[in-house]
Structures are given as structure tokens and as C-alpha cells.
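Topology and contacts: notes
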There are 2 protein chains.
Amino acid sequence: MAIESAGLVEKTTETEQLKPLNVGLLGIGTVGGGTFAVLTRNAAVISRRAGRPIRIVKVADKNLELARRVTGGAVALTEDGFALVNDPSIDVVVELIGGYGIAKDLIMAAISNGKHVVTANKALLAVHGDEIFAAARAHGVIVAFEAAVAGGIPIIKALREGLTANRIQWIAGIINGTTNFILSEMRDKGISFAAALEDAQRMGYAEADPTFDIEGVDAAHKIAILSALAFGIPMQFSRAHIEGISKLEADDIRYAEQLGYRIKLLGIAKWRAGGVELRVHPTLIPARRLIANVEGAMNAILVQADAVGSTMYYGKGAGAEPTASAVIADLVDVARLHKASPEHRVPSLAFQPDAVKDTSVMPIAEIDSGYYLRLRVEDKRGVLADITRILADQQISIDAMIQREPDEGESQTDIIMLTHVTKERFVDIAISKIEALPVVTQRVVRLRMEDLG
Amino acid sequence: MAIESAGLVEKTTETEQLKPLNVGLLGIGTVGGGTFAVLTRNAAVISRRAGRPIRIVKVADKNLELARRVTGGAVALTEDGFALVNDPSIDVVVELIGGYGIAKDLIMAAISNGKHVVTANKALLAVHGDEIFAAARAHGVIVAFEAAVAGGIPIIKALREGLTANRIQWIAGIINGTTNFILSEMRDKGISFAAALEDAQRMGYAEADPTFDIEGVDAAHKIAILSALAFGIPMQFSRAHIEGISKLEADDIRYAEQLGYRIKLLGIAKWRAGGVELRVHPTLIPARRLIANVEGAMNAILVQADAVGSTMYYGKGAGAEPTASAVIADLVDVARLHKASPEHRVPSLAFQPDAVKDTSVMPIAEIDSGYYLRLRVEDKRGVLADITRILADQQISIDAMIQREPDEGESQTDIIMLTHVTKERFVDIAISKIEALPVVTQRVVRLRMEDLG
């Protein structure tokens, strides 16, 4: 009797293994189309790894004509996302609609229906992630999101599973391809931000409305997610300090270069005694660092952790098939674990839910950083003495300086200074005093620096 | 009644979750000591992730005095590895002895006893991996080996789980820190191999007997493991083509630099229509590639795959705590899955065991590559014509060339040529004909080139 039932259990397991995983796809745009294409093209090799076929059985999209063209009529189509998330034949819902609206309602409905969810929706997770993961826990389902950060680079897996031995100290990532492309163009060609943005739009690296990318919002969504995974803290997107690259001038890129630095838009998350730093801004980094040499639309994430030291992860951060690669990796994970009891699964946010600790985000004035300062000044005796005295009063010491020779007949010039690490509020005070000097003729340009060594 | 037993199941699960994972450690040398230190220091953060404590309960080492010093007397010690693998209180055995001998016997005994195994032993896996993984399957246990390749970089996890959507096309890795340190020194300081090796030994980057590292054997062990994971093929270390760096001359590093290339010892695995390429040798790569700028003892693995494109993984490839980071990541995986049924686990070699296909390794003469050729010739009229005719006869076309001006009073000079991609056997024929020319006064130096673009 005991032997018989053991045999029965084993047989059930085997059947379970061979049964295909049925996927419902919400949205058949760029990434949805890529996911369909890769799952079809690589079906054999994927099931050699997953142990079972993974097949898209239904697609929901407002544009049925597009859906028909992409899927070639092989799959059931609907305009109604809820018809898909309520379909009992579907095991996993892949959400590729994006945004906070209908995407959230559909994900919550899928979870309530006991379906696993795979999503690339960083905006949604960064803002409503805690609520979504709590619902997933309550219903015993997986919400996987490798595609939400850095496209095809398996950075979520690295943080959640690869570096579990470590106390993670900081993360610094080039996690927005559009802005990295623009910065590379500005440097290579010596052109303005506006001209580089036009190039990016022409080449398909920037959207018609590029605000989310160029103002750093997209990168902030991603660093909020990475910081939660790294430190075991809730999503704190709303507390992130965000500056984009739209005000960056070609002059500063050139001066930085002369001083041995590159400017990159970094998402930065740091563990500090008093809380975490969470910020996105253009950042000077030493040109000799590997991450400083990540060019064009590529992404790279540098992680500093106490046992392993520095590790870096590099690849395409966007695009149909790179993002599909991440979506499908999540589907393979789900294929393995969807019938396993939750304690066998990796926690959504790397830490066990009851081990997540709310930790405050430090105000930007309290961060420690080096600074790049560009001052436009009258070319007069004593100017430098006034400025250095103001800095010294704030305990700010200077690491390097360039004073440009004024051009023939020009009465003003630029002074560029790099400071040692100091607290930002001291720099704020110094800048306001420097700007009050009559010889200083423009607002001071201030950029942050990270050594990343 | 049904409700009661459901309650019982849940309670058991909860207890199971909180129960510590008991680890037995075989070998308390560098990596063993690092593993003990990191597990102790980061116990809290590790169990916040794993959902249960992971603790070393027994250590086996011939050097009991050392074991006592490292563990501070907190752990049971034995000189007898078999006493450890036969201890019923131990859930997982961590093997950090290395080599093919006792390490293999202990691992096989642990598997027979139904214990999971975590190992950093690349030599053993590259040679006996197929046998070990078959035994693990038969006994329903996990054999995990993140630490066997590239230290703390989670490259095994990336290949096994992060890139499962892809057909992997090739891997090129700097996977031996000793040789990368030596090559960096040779280039930076313009010194000979022998001098750089001495530096490496003095600084602890090379062992007293450095043969395994400098002759490429260690890198070949690792690329054999990576190729199995990438392509779903058996371990084929014995068929790998292996050349080390001990014959590399400073001249060639300098000439390569002039032509825009760096020389790195790469482990290369390529999927080809007729079989796989599996080789380790010094390789010219364009200096502008990110991987060309990986310096010192650091490791990096570049993976080219059809959906995601290029991804790269960078970090410390050796050392106590970086390697411990990988060992412990495996332990956390085991902590989650050790009571799960095997279909919930990732297959040891990425592919389901019955989906592994034996694929032949191509003889080195059949590979396609670009070549760097350095010829020592009499400085006479017509020499170049003779050489280029021989190359043309073998359909080899020249991509770039340097002819060094002979020094004052010198009758010989160097010709350096880079060829376009061609089959190696054509180059073999051309070289033997070139060496037969009376004006050619030394053996031709031949190095392979990879574009990695």
C-alpha cells in the first residue's frame, strides 16, 4: 500500500514535468513580440533546459491586427486583458503593457486568480511593488521581474541569488541606455545635449517624449528596485533624489575629460550607518574604471559587497530580444517552481518578507561625495583667493583644479575644481557664498563625483 | 480531518524552514577559512535571505591546529574526512580540498549518503564531472559548484538560469587571475614573462609551482565546465586545445599594442555547425573592447547569445572571501531546495540530463580565427613578395602589417602581419613554407586573434 502510493506520487510528478507551461501575454508590442519570437525560435533549447515546453497560449492586446501579424494566427487573441487573466488554462501571466494603470489592475487580478506573474514594469514595481509582492505572498504565487532592470542582464538574479553571502555596500549602475547613448555622443562628437538627443531619437534610442529617460525617472525606478533587493528594504522610489542630463553642457564633459573623468548618468544606492543613499544624477567617474568605458546604449551595474568585493554586469539594457531573454528566464524559473511550495522559492525581494527592514533614505544634503565645480569668473587678481577661502571655511579641500586661460580680449574665464569627499550641505553653503561674490558672473555648475574604486 | 492534516503539513513546513542547515566543511585552507569567516560575520543577513541559519557544524582537515585556530573552537573537528561525510547530522558537505584524489572519494561517499555537495573543485569536475553528476542524480542530491569558475562572479548561475532563453553562441573568458596579472605586468612595465612571474609570486598571485596556471590548464578546466553549461554537452576537458603564456615575448605584447590590440589568455568555447571549439591560448583582442581592459588579477567572462546579445560578468576570480561568496550562495540555494523534489531544482549542467547531447570538439586545425604572425627576416629585397605569395596561395589575406626599420648595422628585421579570419590548417601550411625560406631566420611566432564584437 505504501509502495503503491509512492509509485503513484512519482508518476504524477513525471506527468507534471512534461506538461507545458501555459503563458498568457498581456501586450504584444516590442518586448511582447520579441518574447513570442524567441520562445518560438528557441523552443527546443528552452525546453531542454526547463524540462517542459513553455508556450504562449493567449495574447491580449488592443491592437488585434498587430497581434495577429506577430503571432501568425497560432495563438488565441483577445482585446480584453481580463479575459486573459481569468482564463483557467493559463498558468503564468506575462505583463508587458507598462505604466501604473490597467497593468496594475491586471496583475492584481492575475494574482487573485492564483496565477504567477512575470513583468518588465519597473515603474509599477518601484511605486506599487510592496503592495504587489504582499498580494503575491498572500496567494502563494511568484511575481518575477528580471526584465524590469537592465534588460537582458541577469542582475536581479545576481543580487537575489548570486551574492547572498554578502553585505552589499553600494550599487552604481548605468541603467538607462538612452542617456548613456546621449552622453557617449556628446563626448565623442563634442556636441550639445540637444543635438545628441536628436541623434538618439533618429536612431530609435530615445522616444518622441524622452522625459522619463533624460530626466532620470526611469533610472530612479530601477535603482529603487535594486536597492530593495540589495539591502532588504521596501521600495522607496518617492524618496530618491533625481537629476537628469538635460542641463548638462558639452563644456563640462570636456573639462571632466581633461581631468581624467567621464560623466555617466548613474543610479546609486549606498548603505550607510544612518540610512541609505538613493540617487540618480550625472556623475564624474575616473576614466580608467571599466564602467566608465561602457559606451552607447549599453548598461552596466557595478556592485560592491563585503565578501566578493566589486563585481560588474554588462549588456544590453533594452530592446525586443534582450528584454525577452529576461522575461523567458523568469518563465523557466516559474516552470521549475510553480508547483513547489513557497519556502522552496527565492523571496521576491531577495530577503524573507518578515526580514525586510524599513530604513530611511538620507536627504541629499546629507550624502558624502566629491564634487566638480565650474565657476564663471571675472579674470581679476584675488578671485581664486576669495573662492578657496570660502571652501576652506566649509572644510572643503580641493583635489584638482583647472583655470582656463581667457581668450584674447575676453574678460571672464572658467575655474574648474574637484573637491575631496565632503558632505553635500557644506557644498551648498559654499556655492551660495561663492555665487554672492561680485566677480562670479554665473550660477556655479555642480556635479557629483564617485571614485567607484 | 482534511483540515487537520493540512494544518499539520503547514506546521511541519514552518519548522523545516527555521531549522538550521548543517554544513560539514572538508578543508579549512584559504577558501575554507574564508567561508567560515563570512558565514560567521554575515550570519544575520544570510539567514534573512535564506530563511534559516546556515552553520558549519564540523570541519575535517589534516591540520587540526590550523582548524582550531580558524574556527576558534566553536565547531567539532576531525582529521578524518570520512567521519564527516558519514555524520548523519550533516545536510551538506562543502569540499574545498581540491584535486582528483581523496576529494573525489569523499564527494562520492557524501552523495551515496544522500548529502548535498558544494565544491570549488574545477579540476575534479572538468575531468570526472559527468560521473559525479550522474551519481548525484541517482541519489537525488544537489552538487553545486559556483565557486569552481571565476571565484565570486555568479557566472554559473548566469549561464544556468539567467540566459536560459538563449542559444549561446560563444564564451570568451579571462578566467585565470594569475596569468592576467602577469600579462598586465608585462604590458605595463614592458618586462619579460619570467620577470612578471616573479612579481606575481612575490605578491601572492602565483604559486611556487605555477604550472597549472601559466600553462593554461586551470583555464581549460573552467572553460570545459562553462562549455558544458552553455551548450548542453558533456565535460570534454581532455579534448581542449591548451596553450599557456610562458613562451609569450614582451615584443609581441608591444607590437600588438601598436596595432591596437591587447593580449589576454582566453578560455574560448564556440558553438559551430560541425562541433564545438574548445581552446585556451593567448589571444589578441581589440584594445577598445571592454574585456581588453580587464587588468591585474581580475576575471571577466563575455557571453554571446542569440537573444540577449553580448553580456559580460566581471569580478575577482580567486581569493578567500570572493570564493567563499560563491560557496555560500550555493549553500543558500541548497537551503531553499534541499527538501524539494528534484524537478523543482535547476539541472546541474543547465540542461535536463536526458537532453545533454554529445557533440564533438573540433581539432584545432579546423578552427576559424584571425592570426598574428611575427617573422624574423633578412632585410633583403623581395622578402615580402615571397611571404605574401605563400599566404595568397593559402587564401590568407592580410589585414594589417608592420615592418620594423632595422637598427643601424642590423641585417635582420621583424615583419608583423595580422590576417583576416581563415582556417588554422591553412596557416599551418603557410608557416611551414615561410619557415623554409632561406631569408627567414627564426621560427614564426603565431598568435590567434578574436574580434569579440
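All values reported here derive from a predicted model rather than from experimental measurement.

Our focus in this paragraph is the interface of chain B and chain A. Contacts between the two partners involve 55 residues from chain B and, on the opposite side, 55 residues from chain A. Of all the elements in the fold, those that place two or more residues in the side of chain B that touches chain A are α1 (2–18), α3 (43–50), α8 (155–162), β12 (309–316) and α14 (320–337) of chain B. Here the element with the most residues in the side of chain B that touches chain A is α14(B); it accounts for 10 residues. For the side of chain B that touches chain A, the per-class residue count stands at 27 nonpolar, 18 polar and 10 charged. The pairing of strand β12 (residues 309–316) of chain A with β12(B) spans 5 bridges and is classified as antiparallel. Note that in β12(B) the partner of G315(A) across the bridge is T311(B).

What follows concerns the environment of I56(B). All names here are of chain B. Within the secondary structure, I56 sits in strand β2 (residues 54–60). For I56, a count of 23 C-beta atoms within 10 Å puts it in the buried group. Residues I56 and N22, spaced 34 residues apart in sequence, show a C-alpha to C-alpha distance of 6.1 Å. Apart from the residues within four sequence positions on either side, I56 is in contact with V23, L25, F36, L39 and V75.

Before going further, it helps to examine the domain arrangement of chain A. All names here are of chain A. Each assigned domain of chain A is listed with its residue range as follows: domain 1 (2–154 + 321–355), domain 2 (156–316) and domain 3 (368–449). Inter-centroid distance (C-alpha atoms) of domain 1 to domain 2 is 28 Å. Domain 1 puts 22 residues into the contact, and the matching count from domain 2 is 24 residues. Broken down by element, the side of domain 1 that touches domain 2 gets its largest block of residues, 7 residues, from helix α7 (residues 122–139). Here the side of domain 1 that touches domain 2 is composed, by residue class, of 16 nonpolar, 3 polar and 3 charged.

All names here are of chain B. One open sheet accounts for 6 strands, arranged β3-β2-β1-β4-β5-β6; its pairing is parallel. The open sheet is flanked by β3 (76–78) and β6 (143–144), the only strands paired with a single partner. Here 4 bridges tie strand β1 (residues 21–26) to strand β4 (residues 92–95), and the two strands are oriented parallel to one another. Across the sheet, the residue bridging to L26 is E95, located in β4.

Calculation criteria
- Residues numbered from 1 in each chain as written.
- Chains lettered and ligands numbered in written order.
- Predicted model: local features only at pLDDT ≥ 70, side-chain atom pairs only at ≥ 80, totals over all residues.
- Contact = placed C-beta atoms within 7 Å.
- Helix = DSSP H or I, 4+ residues; strand = E, 2+ residues; numbered from the N terminus.
- Nonpolar A, V, L, I, M, F, W, Y, C, P; charged D, E, K, R; others polar.
- Pairing = 2+ DSSP bridges.
- Buried ≥ 20, exposed ≤ 12 C-beta atoms within 10 Å, placed from the backbone.
- Domains from an automatic or database assignment.

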